[in-house]
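Structural features, examined
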4 protein chains.
Amino acid sequence: MKPPLEAAEQLLPDIQASPDDRHLAIDRVGVSNLRYPLTVSTRDGRGQTTVGEFNLSVSLPHDQKGTHMSRFLEVLNEQPSPMVPRDVLKLAQDVQRRLQAPHAFVRVDFPFFIDKPAPVSGVVGKIDVRAGLSAEVGPTGRNDWMMSVKVPATSLCPCSRQISEYGAHNQRCEMEAHVRIVEGASMSFEELIDRVEQAASTQVFSVLKRPDEKWVTEKAYENPKFVEDIVRDLALAMEREPRIAWYRVRSENYESIHNHDAFAQIERDLGR
Amino acid sequence: MKPPLEAAEQLLPDIQASPDDRHLAIDRVGVSNLRYPLTVSTRDGRGQTTVGEFNLSVSLPHDQKGTHMSRFLEVLNEQPSPMVPRDVLKLAQDVQRRLQAPHAFVRVDFPFFIDKPAPVSGVVGKIDVRAGLSAEVGPTGRNDWMMSVKVPATSLCPCSRQISEYGAHNQRCEMEAHVRIVEGASMSFEELIDRVEQAASTQVFSVLKRPDEKWVTEKAYENPKFVEDIVRDLALAMEREPRIAWYRVRSENYESIHNHDAFAQIERDLGR
Amino acid sequence: MKPPLEAAEQLLPDIQASPDDRHLAIDRVGVSNLRYPLTVSTRDGRGQTTVGEFNLSVSLPHDQKGTHMSRFLEVLNEQPSPMVPRDVLKLAQDVQRRLQAPHAFVRVDFPFFIDKPAPVSGVVGKIDVRAGLSAEVGPTGRNDWMMSVKVPATSLCPCSRQISEYGAHNQRCEMEAHVRIVEGASMSFEELIDRVEQAASTQVFSVLKRPDEKWVTEKAYENPKFVEDIVRDLALAMEREPRIAWYRVRSENYESIHNHDAFAQIERDLGR
Amino acid sequence: MKPPLEAAEQLLPDIQASPDDRHLAIDRVGVSNLRYPLTVSTRDGRGQTTVGEFNLSVSLPHDQKGTHMSRFLEVLNEQPSPMVPRDVLKLAQDVQRRLQAPHAFVRVDFPFFIDKPAPVSGVVGKIDVRAGLSAEVGPTGRNDWMMSVKVPATSLCPCSRQISEYGAHNQRCEMEAHVRIVEGASMSFEELIDRVEQAASTQVFSVLKRPDEKWVTEKAYENPKFVEDIVRDLALAMEREPRIAWYRVRSENYESIHNHDAFAQIERDLGR
């Protein structure tokens, strides 16, 4: 005997399952702008609860009219918790299986908080990093996943410093790294953030007392970087990390002397 | 003997504490666009961890040059947890005390998730509501706090239904309620959300199986409402709730037949 | 004989015009997030074509079920062009008349471009300012209108400069002024922008060659300002301008050393 | 004798032109989030003035430290006006030449307004479409450009209609088409918009009187489409248009019964 929900469903026509004769397969169909809680694993193995923005989709064969959207939501209710980065692959496999689809795609972005002691006073506060995970699984077991972080920092302009009698324009910047980890390896979000943060003129902090502010100001002035320097130093940091197989790094500077931003980007497959 | 940080701070001039002679008091000065974790109390007394967007500020007397921004962050590190709605007042009092300010203002917005069973199948999924808390404290013990929710729902147009042979245009809408609770009373976010949700043509859900979709479609058609109807029914729901002393309700409909939205708003002091 | 459209309309029931028995007047009902072209008058009397984001609404008496939303759009099709700031009042009066409403409210925000020569090279480029107009008209001829600008600039921290051996943190900031003009006077957007721009450490520019960048860097360093200083200098500029009857000024600094912003705000009725 | 600006510039060191030894070429470096006016050609050959959001960049050889950002702005000051779609290629070539760069990339997005008569009353109002242009030029004369539109419309769910006694959930959707035009051909934005608009359950309008609203409601009900149907019909429309060589189409439905969206996407190179 069927369970009641399945029986009730079968009394209603399943239009999504009907055939389609336009001979056009769909690359991706699914749900987006979907906010759902998730718990992400931290370096110490514990979990941090945050709010994910999910995008879940599958490919649809040419002869099938529609997908069953409610199943994406059901998969989210059974997500791994706490989620280590590579669990995003499991989530994509769950989507693929539950929707019986040739391909499945998952992307989720969320605020990830790190505890950050001020450089002199040591007072600890939290800084939010925009973190992300994505995965793609295909019909022949081909699968792929990536992790990403977008880290706020300070950049100080070398040209401005050099040509001016005093001072140098500086600004908040956001440094991004999207990386593919080599087969079998793993990396925590904190490890990736550590590597990214080194590329700026100086890091940003949550609580800064006066001795900290002095330190940060002087550190940035001693360490001027164009957006081009930052993106190259980001790239070098990725190349030196043997666990990274592919990367795309980017920096965006919210220029203090303009009403537009400056950005630079490098993408490289390291063939590892 | 002074603690080391305080000693180090005093070696550096405190410009913020120096006098100002422009004879202009500042209404509000503080920090904004600040993301920080918070744990909000749920109806059952447990906590839900989410991500707040904070705006913290104080008034500044005319003869003082600046405020000490780092103290706002220190207050956040000691926030009540889990936070019941009226704790936002305590947070504002902490800001006032820590910054030795005549007035203090706090506002925080965050996604709040509710478990929502589908109407027929009963399958449970989470829906995100945009919730908020704000408080203001003044020099003579005058204080004030509010809570708010922004709840997604469906609206179906009565005019479209009436004049058409079949069908009726409908759309997602967002219903907002900002309320002040009467002295000594309390209300959970879930209680406020329950009152708001009743005002729409039908609620929205996370997981909808076919029998649920049939129910939701027919329910909306049986219950057509203009944006004017929704906002009036929101107002009635607030007036019937004896714990509410003041309200501002609003609905915004993402019209399916236009590329702009329709909205309506009512604000009323119930003098309770 | 009636025109055909009116005749066709009358064949269909007008549900909006039917009575309502909830005894609740609606403060505002209308359209929002509506993008429409508009042509704004520039200082030289010519027009600048831009894209407005409109919010148009009316009040609705307690005994009327709904408003006629399509009429808002019809009013937009007949807007004054080019629009001088006080024409927003005329637009609100048109809404009031067309919808036969007790009150009407109009708000529109749009990018307004100014030509800005670099400080040394004189190379001219355009900077976008976020400008706005709003108006409110009531049943007894009471009416009110305001103009606003949000101007990007640079702020440099006096504390950071004072306590550091070299350098000083600086950042893009946005300075806002909302003003009510005294009865019978007028002001162009450019005049208001000129008064606002003076309050920052330095202005921002479109094209900056190296001699310009040197000038801007040194100018900011010579002119350090807290967000509190900026908002006070904005307030002073408003008070010194006899055509301004009421103002609300605000500065928001995108702190280069933090991942949050700093802001300050002053509102004052000058009773002129 | 040198012009004064060039002379003044040469007195200051040109750090951007200095060598770099990290052996890392940069894929893209430039400016983003830059708002600037532009005038786009309409079908009738006249121009429509709007506000562009520009992203301009170049590649940078491994041995060069930095690019000269001010030159991007200078190119914008000399943009073609009115701009026909393929002029974006000229803009990219201007960037490449002015910055003496191996590759140049241009992207600009802007609101484009079309006049839209209501289906029965014929009352005309404007609807905003999000339009875009992008181009890429390389060292060996390889070059490429694309145009895109994002058009609002209505979608009505076939499943909801079929399983329900009455009604059917419907919602605003946004349909996107990015296309590459075959060598030597041209297409106006209005022509592309016309092809895209046919794929929805019904179009959206600016002004709708009651007879129009009846028409739109019934038209949508007679023409139910899943997001999968819309994206397939978009794809068919692109395939039938001989001037299109490559396309990526997408529809995003702002589901009225959920607080998340549904989307579908197809990309195809037609080898023309």
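Scroll up to find the structure.
My aim in this report is to walk through the structure given alongside it, one point at a time.

Another aspect to go through is the overall build of chain A. The helix and strand tally for chain A stands at 7 helices and 9 strands. Taking the principal axes of its C-alpha atoms as reference, chain A extends roughly 80 × 40 × 40 Å. The proportion of buried residues among the 272 residues of chain A is 64%. Counting contacts in chain A only where the partners sit at least 6 residues apart, residues at least 24 apart contribute 65% of the total. For chain A, the computed accessible surface area is about 10100 Å², with 46% contributed by carbon and sulfur atoms. Mean positive and mean negative side-chain charge positions of chain A (34 and 40 charges, respectively) differ by 2 Å.

Our focus in this paragraph is the interface of chain D and chain B. Contact residues are listed per partner, giving 38 residues for chain D and 38 residues for chain B. Among the residues of chain D in contact with chain B, Y166(D), R172(D) and N259(D) are the three that bury the most area, contributing 23% of the side total. The tally of links between chain D and chain B comes to 4 salt bridges. Two residues, K214(D) and E165(B), come together in a salt bridge whose shortest N-O distance is 3.8 Å. At the level of secondary structure, the elements contributing two or more residues to the side of chain D that touches chain B comprise β4 (124-137), β5 (143-156), α4 (158-163), β6 (170-181) and α6 (210-222) of chain D. Among the elements that make up the side of chain D that touches chain B, the one with the highest residue count is α6(D) (8 residues).

Chain A puts 56 residues into the contact, and the matching count from chain D is 56 residues. Summing both sides of the interface, chain A and chain D together bury roughly 4400 Å²; the carbon and sulfur share of this comes to 55%. Three residues, L24(A), R232(A) and F263(A), lead the burial of chain A against chain D; their summed loss comes to 18% of the area buried on that side. The tally of links from chain A across to chain D stands at 8 salt bridges. Counting every contact that joins chain A to chain D gives 34 residue pairs in polar contact (both at pLDDT 80 or more).

Attention now goes to the pattern of salt bridges. Tallied over the full model, the rule gives 104 salt bridges over all chains. Between D14(A) and R210(B) there is a salt bridge whose closest N-O contact spans 3.6 Å. In this pair, D14(A) sits in the loop between α1 (4-10) and β1 (26-41) while R210(B) sits in helix α6 (residues 210-222), so the two residues belong to two different chains. With relative accessibility at 29%, the residue D14(A) sits in the partly exposed group. For the salt bridge of E241(D) with R243(D), the shortest nitrogen-to-oxygen distance reads 2.9 Å. E241(D) sits in the buried class, given a relative accessible area of 7%. What emerges from the salt-bridge pattern is a single network uniting D20(A), R22(A), K65(A), K225(D), D229(D), R232(D) and D233(D).

Before going further, it helps to examine the relation of the copies chain D and chain B. For the pair chain D and chain B, the best superposition has an RMSD of 0.0 Å and corresponds to a rotation of 180 degrees with a translation of 0.0 Å parallel to the axis. Such a turn and shift between the copies fits a two-fold axis. Residue by residue, 100% of the interface of chain D is reproduced at the interface of chain B, so both copies engage with the same surface.

Let us look at the packing of helix α5 (residues 189-197) of chain A against helix α7 (residues 227-240) of chain A. All names here are of chain A. In the contact formed by α5 and α7, the axes pass within 8 Å of each other and the chain directions differ by 135 degrees. Classified by the interaxial angle, the pair formed by α5 and α7 is oblique. Along the contact surface, α5 presents L192, R195 and V196, while α7 presents L234, A237 and M238. Here the residues of the contact of α5 with α7 are counted per class, giving 5 nonpolar, no polar and 1 charged.

This next bit is on the relation of the copies chain A and chain D. After a rotation of 180 degrees and a shift along the axis of 0.0 Å, chain A superposes on chain D with an RMSD of 0.0 Å. The fraction of interface residues of chain A whose copies in chain D are also interface residues reaches 100%, indicating that both copies meet through the same surface.

This paragraph deals with the side chain of N253(D). Residue and element names in this part refer to chain D. With respect to the element layout, N253 can be found in strand β8 (residues 244-253). A distance of 3.4 Å separates the side chain of N253 from the side chain of S251, its partner in a polar contact. Residues within four places of N253 in sequence aside, it is in contact with S155, Q171, R172, C173, V227, I230, D261 and A262.

Here we come to the environment of D14(C). Each C-alpha atom, one on D14(C) and one on G66(C), is 9.5 Å from the other, the two residues being 52 residues apart in sequence. Discounting residues that sit within four places of it in the chain, D14(C) has contacts with H68(C) and R210(D).

Turning our eyes to something else, we now look at the nonpolar core. One finds M238(A) and M238(D) to be the most contacted residues of the largest nonpolar core, which totals 145 residues. Those residues in contact with M238(D), other than ones at most four positions away along the chain, are A177(D), V179(D), L192(D), R195(D), V196(D), I244(D), Y247(D), V249(D), L270(D) and R272(D). Membership of the second largest hydrophobic core comes to 144 residues, among which are L38(B), A235(B), A92(C) and V231(C).

The next subject is the packing of aromatic side chains. The description of two aromatic rings rests on the distance between their centres and on the angle between their planes. Tallied over the full model, the rule gives 13 aromatic pairs over all chains. Aromatic side chains F110(B) and F189(B) sit 5.7 Å apart centroid to centroid with 90 degrees between the ring planes, which places their arrangement in the edge-to-face category. Taken as a pair, F110(B) in strand β3 (residues 104-117) and F189(B) in helix α5 (residues 189-197) lie far apart in primary sequence, 79 residues in all. Judged on exposure class, the residue F110(B) and its partner F189(B) are both buried. Put simply, the rings of F110(A), F112(A) and F189(A) touch in pairs and so form one group of aromatic residues. The ring centre of F105(A) lies 3.8 Å from the NZ or CZ of R28(A), which sits over that ring. When the ring centre of W246(D) is taken as origin, the NZ or CZ atom of R180(D), which lies over that ring, is 5.1 Å away.

Attention now goes to the pairing of strand β3 (residues 104-117) of chain C. Residue and element names in this part refer to chain C. Burial analysis of β3 places 10 of its 14 residues in the buried class, the great majority of the element. With 6 bridges joining them, strand β2 (residues 47-60) and β3 adopt antiparallel strand pairing. The residue of β3 that forms the bridge with F54 is V108. When β3 meets strand β4 (residues 124-137), the two strands line up antiparallel, connected through 14 bridges. Residue pairing across strands places F113 opposite D128, the latter belonging to β4. Taking the residues that link successive antiparallel strands as the turn, the β3-β4 hairpin has 6 residues, and the phi of G122 there is positive, at about 75 degrees.

What follows covers unusual backbone geometry. Residue P82(A) is reached from S81(A) by a cis peptide bond, and omega for that bond is -5 degrees. For P82(A), the position within the fold is in the loop between α2 (70-76) and α3 (87-98). One non-glycine residue, Q100(C), lies in the positive phi region at around 45 degrees. Phi is positive for H23(D), which is not a glycine, with a value near 55 degrees. For H23(D), the location among the structural elements is in the loop between α1 (4-10) and β1 (26-41). Look at H23(D) and you get exposed, because its relative accessible area is 59%.

So, how was this worked out
Residues numbered from 1 in each chain as written. Chains lettered and ligands numbered in written order. Predicted model: local features only at pLDDT ≥ 70, side-chain atom pairs only at ≥ 80, totals over all residues. Heavy atoms only, no water. Helix = DSSP H or I, 4+ residues; strand = E, 2+ residues; numbered from the N terminus. Buried < 20%, exposed > 50% of the residue type's maximum accessible area, 1.4 Å probe, protein only. Contact = heavy atoms within 4.5 Å. Areas by Shrake-Rupley, 256 points an atom, 1.4 Å probe, with all protein chains shown as cover. Lys, Arg positive; Asp, Glu negative; His and termini not counted. Charge placed at Lys NZ, Arg CZ, Asp CG, Glu CD. Buried area = accessible area lost by both parts, 1.4 Å probe. Salt bridge = Lys/Arg side-chain N within 4 Å of Asp/Glu carboxyl O. Polar contact = N/O pair within 3.5 Å; in protein donor to acceptor, adjacent residues only side chain to side chain. Least-squares fit on C-alpha atoms with pLDDT ≥ 70 in both. Axes fitted to C-alpha atoms, helices over the stretch in contact; angles between N-to-C directions. Parallel < 35°, antiparallel > 145°, perpendicular 65-115°, else oblique. Nonpolar A, V, L, I, M, F, W, Y, C, P; charged D, E, K, R; others polar. Core = buried A, V, L, I, M, F, W, Y, C linked by side-chain atoms within 4.5 Å. Phe/Tyr/Trp six-rings, centres within 6.5 Å; stacked < 30°, edge-to-face > 60°. Lys NZ or Arg CZ within 6 Å of the ring centre and 35° of its normal. Pairing = 2+ DSSP bridges.

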